Amino acid sequence: SLSQPIAKLPYIGYGAIHEWKLVYWYATQADPVALSPSPLLNWLFVRGVVEWSLFRSRATALDQGLIQALWSFQLSESADTVSFFRRRLLEVYPRTSSLVVCVEVSPQTARARLDGRIDNQSRVGPGRRAYFDVSEAWKVYQSTKGVVRELVNSRPGAAVVTLQNDARTDLAANVESVVDEVKNRVQSS
């Protein structure tokens, strides 16, 4: 539906205000046709949500955050673009208390879930307009975890939690463990 993209527009605009140099850089690349606008819009949306959340006094949860946006770039853009956004992520990631949640599934589980989808929205998987197969995307995910470690090591208020999500029943337990971790961090600060 159109309601979801329309609801994102104010955040994308807010992100663009904070990332005007990035938008200019992205627009002036040698081959702008080859650059996918979707990852950029995702980046701007999440950056806008992050910046907006800094004004709030309660915890903010991002389903797909800046790190996921970097993963998207790694799946669709050139090495130079990925390098640029990796540096950008390290520059703009908030210095407030944060918890990065890495959800892991085995490549076999990822394949089964992609095969069970009825839409064609993924950039990963057989029979899709994919740039990567599951095993390649898995390697990209592992390299993104290196960025997570770099972020957590450079931000005193940041921590990482890795959750396994191979079984459908893992979701409820994982959500509970993340909520408990956030509560513990808030109470101890």
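Every value quoted in this text rests on a predicted model; they were computed, and no experiment measured them. (Residues numbered from 1 in each chain as written. Predicted model: local features only at pLDDT ≥ 70, side-chain atom pairs only at ≥ 80, totals over all residues. Heavy atoms only, no water.)

**Q** Describe the packing of aromatic side chains, with residues and values.
**A** Following the criterion strictly, the structure yields four aromatic pairs and no others. Relative to phenylalanine 45, the ring of tyrosine 11 lies with its centre 5.9 Å away and its plane at 85°, an arrangement referred to as edge-to-face. Of this pair, tyrosine 11 sits in helix α1 (residues 3-18) while phenylalanine 45 sits in helix α3 (residues 37-53); the two residues are 34 residues apart in sequence, bridging distant segments of the chain. Accessibility expressed as a relative area gives 18% for phenylalanine 45, which makes it buried. A ring pair is formed by tyrosine 14 and tryptophan 52, whose centres lie 5.8 Å apart and whose planes are at 85°; its orientation type is edge-to-face. Here tyrosine 14, found in helix α1, pairs with tryptophan 52, found in helix α3; they are 38 residues apart in sequence, far enough to count as distant. With relative accessibility at 45%, the residue tryptophan 52 sits in the partly exposed group. (Phe/Tyr/Trp six-rings, centres within 6.5 Å; stacked < 30°, edge-to-face > 60°. Helix = DSSP H or I, 4+ residues; strand = E, 2+ residues; numbered from the N terminus. Buried < 20%, exposed > 50% of the residue type's maximum accessible area, 1.4 Å probe, protein only.)

**Q** Could you give me a rundown of the pattern of salt bridges, with the residues and numbers involved?
**A** Side-chain pairs of opposite charge can arise where the charged atoms are in close proximity. Here the structure, examined in full by the defined rule, presents six salt bridges. With a shortest N-O distance of 2.5 Å, glutamate 91 and arginine 88 are connected by a salt bridge. Taken as a pair, glutamate 91 and arginine 88 lie in helix α5 (residues 79-92) at a separation of three residues, close to a single helical turn. Beyond isolated ion pairs, a larger network of salt bridges with shared partners links Glu19, Arg47, Glu51, Arg88 and Glu91. (Salt bridge = Lys/Arg side-chain N within 4 Å of Asp/Glu carboxyl O.)

**Q** Can you lay out the pairing of strand β1 (residues 98-104) for me, pointing to particular residues and giving the numbers?
**A** The buried fraction of β1 is high, at five of seven residues. Bridge count between β1 and strand β2 (residues 158-164): seven bridges; the pairing is parallel. Residue pairing in the sheet places serine 98 in a bridge with alanine 158 of β2. (Pairing = 2+ DSSP bridges.)

**Q** I'd like to hear about the nonpolar core, residue by residue, with values.
**A** Among the nonpolar cores identified, the biggest contains 29 residues, and Leu40, Trp43, Leu66, Ile67, Phe85, Leu89 and Tyr93 are the most heavily contacted of them. Listed by contribution, the elements that provide at least two residues to this core are α2 (20-27), α3, α4 (66-76), α5, β1 and α7 (134-154). Those residues in contact with leucine 40 that lie beyond four places of it in its chain are Leu22, Tyr26, Phe73 and Phe85. (Core = buried A, V, L, I, M, F, W, Y, C linked by side-chain atoms within 4.5 Å. Contact = heavy atoms within 4.5 Å.)

**Q** So what about the environment of tyrosine 14? Which residues, and what values?
**A** Tyrosine 14 sits in the partly exposed class, given a relative accessible area of 21%. Taking the C-alpha atoms as reference points, tyrosine 14 and glycine 48, separated by 34 residues in sequence, lie 4.9 Å from one another. When residues no more than four places from it in sequence are discounted, the contact partners of tyrosine 14 are Gly48, Glu51, Trp52 and Phe55.

**Q** Just give me the short version of the packing of α5 against α7, but keep the residues and values in it.
**A** For the pair α5 and α7, interaxial distance at closest approach is 10 Å and the crossing angle is 25°. As judged from the angle between their axes, α5 and α7 are roughly parallel. Judged by the twist between their axes, the crossing of α5 over α7 is right-handed. Together, Arg86, Leu89 and Leu90 of α5 and Val147, Glu150 and Leu151 of α7 make up the contact between the two elements. The class makeup of the residues in the contact of α5 with α7 is four nonpolar, no polar and two charged. (Axes fitted to C-alpha atoms, helices over the stretch in contact; angles between N-to-C directions. Parallel < 35°, antiparallel > 145°, perpendicular 65-115°, else oblique. Left-handed = near helix turned anticlockwise from the far one by under 90°. Nonpolar A, V, L, I, M, F, W, Y, C, P; charged D, E, K, R; others polar.)

**Q** Could you give an account of α4, naming the residues involved and the relevant values?
**A** Burial analysis of α4 places nine of its 11 residues in the buried class, which makes it a mostly covered element. Burial in α4 covers these residues: Leu66, Ile67, Ala69, Leu70, Ser72, Phe73, Gln74, Leu75 and Ser76. Check the buried side of α4 and you find it contacts α2, α3, α5, β1 and α7.

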